[in-house]
Amino acid sequence: MATYDLVVIGTGPGGYVCAVRAAQLGMKVAVVEKNATLGGTCLNVGCMPSKALLHASEMFEEVGHSFAKMGVSVSAPKLDLPAMMNFKQQGIDGNVKGVEFLMKKNKVDVLKGTGKVLGTGKVEVSADGKSQVVETKNIVIATGSDIARLKGIEIDEKRIVSSTGALSLDKVPGKLLIVGAGVIGLELGSVWHRLGAEVVVVEFLDRILPGMDGEIAKQFQRILEKQGFAFKLGAKVTGVDTSGKTLKATVEPAAGGAAETIEADVVLVCIGRVPYTEALGLKEAGVALDPRGRVQIDPHFATSLKGVYAIGDVVAGPMLAHKAEDEGVAVAEIIAGQAGHVNYDVIPGVVYTTPEVSSVGKTEEELKQAGTAYTVGKFPFTANGRSKVNQTTDGFVKILADAKTDRVLGVHIIGREAGEMIHEACVLMEFGGSAEDLARTCHAHPTRSEAVKEAALAVGKRAIHM
Ligand code: FAD
Ligand code: NAI
């Protein structure tokens, strides 16, 4: 029986990063993974494949729509979907191999199979009808999340798909009906819309991207509508008739009322994700779950069972890869006796569409609700020189600062490369910086990031280019 300092169950961004950090700190570590490949949702069916398709489809769209006006004439692009899927697969393979390499480099044992917590210090690993018990001083549960399902609607991953099926369609659907205007719906909707699908999004709430700043979400919706997205807000899909050649979805107003039928070739269900705890044996082992089925942890990631910790999508908090990674580092450091910590007030969120949407800290709605007095500084990309010459002027930067102290409380950006631009705000906020700190920081010209500086100047009502 092998004995470890730490066994991590799950090798998504939470699990494998935790394993690497623990090995760096001198622990003898093993990871347990039930999938054929390492890397979890993120690398196999999440962040990475979706970003590969977003990149490829954006290039396809650019060639068709933006090249001619820049004086680059090319014939109309032709879609080779199998080649695009191959491009995606190469990206997945490259990243998965990268994690395998990291495990070897850090001398982390990879135990293939399904992990089960037998109790403090004992993990059972089962594969192909055989099982072994591994002894370990500590256990980290990093088993991630699974798709949320809609009652009465069966996902076959061919015509009614989750994000997993939507990443591997074998042809562009004529019409794609998306249930849920969250991150997955808007990202994967963008992919297929760029490749030629008609996209209709049905959303239960009266807005898209709940949780993001309302003003940003409104402008984003307008931009997506201009691109050709159709939204049906305040509505829900209650059933899908699969008997005919086209699918017939029943759509009802969320508040009740007459139903209508929307026909589609493919329906994508993306209404959130749920923690994945199947086969872990948590109840028998005495690991408590919270009322939403997530593994319950204390502020140090410890579960109700001694020596067992949990991180990532399987615990509370935003279901984001970088949140899982940071928790992986923190829990490894805590186990090693250090002061591991995650600052949940500064976790950026990015929607990788065109334009991108990025956000960190509080939204205007949250500040209003908390009764915090705040100042707003905004700067549009139409007034940013670099955006003007590139003719990519959609969007704006919005900075929310404390009215008394000028400390930056939230930054929200809609625009090209917004996902890269958000990080100077993250660093600033980690150091408790003010809008004036940002406004007085020299920014290279000409860059789109100058719009961030200008928005910070606008907090003090002294933007230069507006
Ligand atoms: P996961 O990545 O879910 O990994 C859990 C692993 O545990 C899996 O490999 C699973 O097989 C394994 N496992 C489960 N149970 C057992 C068991 N009993 N024994 C052994 N192994 C087990 N987040 C972002 O930050 N940015 C993005 O751009 C982004 N894009 C996304 C796009 C899509 C389409 C989806 C679905 C998600 C996306 N996410 C994104 C979310 C991101 O993928 C998750 O937040 C992240 O993967 C969570 O990491 P994790 O380590 O907690 O779990
Ligand atoms: P989500 O929580 O972002 O959005 C789900 C949407 O579906 C919400 O707007 C919700 O109001 C709506 N909804 C719920 N039930 C509904 C119903 N019955 N009918 C109509 N609408 C309904 O979840 P999503 O998009 O499935 O993504 C899952 C997770 O994956 C998210 O937590 C997200 O953080 C993560 N993710 C992150 C990405 C990124 O960081 N770029 C990309 C993709 C996913």
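Everything numeric here is computed off the predicted structure, so don't read it as measured data.

Analysis parameters
Residues numbered from 1 in each chain as written. Chains lettered and ligands numbered in written order. Predicted model: local features only at pLDDT ≥ 70, side-chain atom pairs only at ≥ 80, totals over all residues. Heavy atoms only, no water. Domains from an automatic or database assignment. Contact = heavy atoms within 4.5 Å. Buried area = accessible area lost by both parts, 1.4 Å probe. Salt bridge = Lys/Arg side-chain N within 4 Å of Asp/Glu carboxyl O. Helix = DSSP H or I, 4+ residues; strand = E, 2+ residues; numbered from the N terminus. Nonpolar A, V, L, I, M, F, W, Y, C, P; charged D, E, K, R; others polar. Near = heavy atom within 4 Å. Polar contact = N/O pair within 3.5 Å; in protein donor to acceptor, adjacent residues only side chain to side chain. Areas by Shrake-Rupley, 256 points an atom, 1.4 Å probe, with all protein chains shown as cover. Patch = residues over 30% accessible without salt bridge, like charges linked within 9 Å, V, L, I, M, F, W, Y side chains within 5 Å. Buried < 20%, exposed > 50% of the residue type's maximum accessible area, 1.4 Å probe, protein only. Core = buried A, V, L, I, M, F, W, Y, C linked by side-chain atoms within 4.5 Å.

Draft legend 1. Summary view of the domain arrangement of the chain. For the chain, the assigned domains read domain 1 (3-147 + 274-335), domain 2 (160-271) and domain 3 (349-459). Its C-alpha centre places domain 2 at a distance of 29 Å from the equivalent point of domain 3. If you look at the interface, domain 2 gives 17 residues, while domain 3 gives 21 residues. On the domain 2 side of the interface with domain 3, the three residues burying the most area are Asp 213, Glu 215 and Ile 216, jointly 34% of the side's total. A salt bridge links Lys 378 to Glu 215; the nearest nitrogen and oxygen atoms lie 2.5 Å apart. Put simply, the parts of the chain that give the side of domain 2 that touches domain 3 at least two residues each are α6 (183-194) and α7 (214-227). A breakdown of the residues in the side of domain 2 that touches domain 3 according to their chemical character gives 7 nonpolar, 5 polar and 5 charged.

Draft legend 2. Structural view of the site of ligand 1. The immediate surroundings of ligand 1 are formed by 39 residues, with Glu 33, Thr 41, Lys 51, Gly 115 and Ala 321 found nearest. For ligand 1, an oxygen atom lies 2.9 Å from a polar atom in the side chain of Asp 313. One nitrogen or oxygen atom from the main chain of Leu 320 is found 3.2 Å from an oxygen atom belonging to ligand 1. In isolation ligand 1 has 1000 Å² of accessible area, and contact with the protein removes 95% of it.

Draft legend 3. Structural context of the site of ligand 2. Taken together, 24 residues sit near ligand 2, with Ile 184, Glu 187, Glu 203, Gly 272 and Val 350 positioned nearest. Between an oxygen atom of ligand 2 and a main-chain N or O atom of Gly 272, the distance comes to 2.9 Å. Val 350 is positioned with one of its backbone polar atoms (N or O) 2.7 Å from a nitrogen atom of ligand 2. Those elements giving two or more residues to the shell around ligand 2 turn out to be α6, β10 (198-203) and β12 (235-241). Element by element, the count of residues in the shell around ligand 2 is highest for α6, at 3 residues. For the shell around ligand 2, the residue count by class is 16 nonpolar, 3 polar and 5 charged. Taken together, domain 1 (3-147 + 274-335) and domain 2 (160-271) each give at least three residues to the shell around ligand 2, which thus spans both.

Draft legend 4. Up close: a nonpolar patch on the surface. A surface patch of nonpolar side chains, about 260 Å² in accessible area, is lined by Met 70, Val 72 and Val 74. In this fold, Met 70 is placed in the loop between α3 (47-65) and α4 (81-105). Among the residues examined, Met 70 registers a relative accessible area of 53% and is labelled exposed.

Draft legend 5. The arrangement of the side chain of Thr 354 in detail. If you trace the backbone, Thr 354 turns up in the loop between β18 (349-351) and β19 (356-361). Within the structure, the side chain of Thr 354 is placed 3.1 Å from the side chain of Glu 58, a separation counted as a polar contact. Among all residues touching Thr 354, those that are not within four sequence positions of it are Glu 58, Arg 194, Gln 227 and Arg 416.

Draft legend 6. Looking closely at unusual backbone geometry. The omega torsion of the bond from Thr 354 to Pro 355 falls at -5°, within 30 degrees of zero and hence cis. By secondary structure assignment, the location of Pro 355 is in the loop between β18 and β19. The residue after His 445, namely Pro 446, is reached through a cis peptide bond having omega 0°. Unlike most non-glycine residues, Glu 157 shows phi in positive territory, near 60°. Tracing the sequence through the fold places Glu 157 in the loop between β7 (145-147) and β8 (160-161). Phi is positive for Ala 279, which is not a glycine, with a value near 65°. If you trace the backbone, Ala 279 turns up in the loop between β16 (273-275) and α8 (282-285).

Draft legend 7. Examining the nonpolar core more closely. Counting residues in each nonpolar core, the largest one holds 39 residues, and the members touching the most others are Leu 176, Leu 186, Trp 192, Ile 208, Phe 220, Phe 231 and Leu 268. Taken together, the elements giving at least two residues each to this core come down to α3, α4, β9 (175-179), α6, β10, α7 and β15 (266-269). The contact partners of Leu 176, leaving out residues within four places of it in the chain, are Trp 192, Ala 197, Glu 198, Val 199, Val 200, Val 266 and Leu 268.

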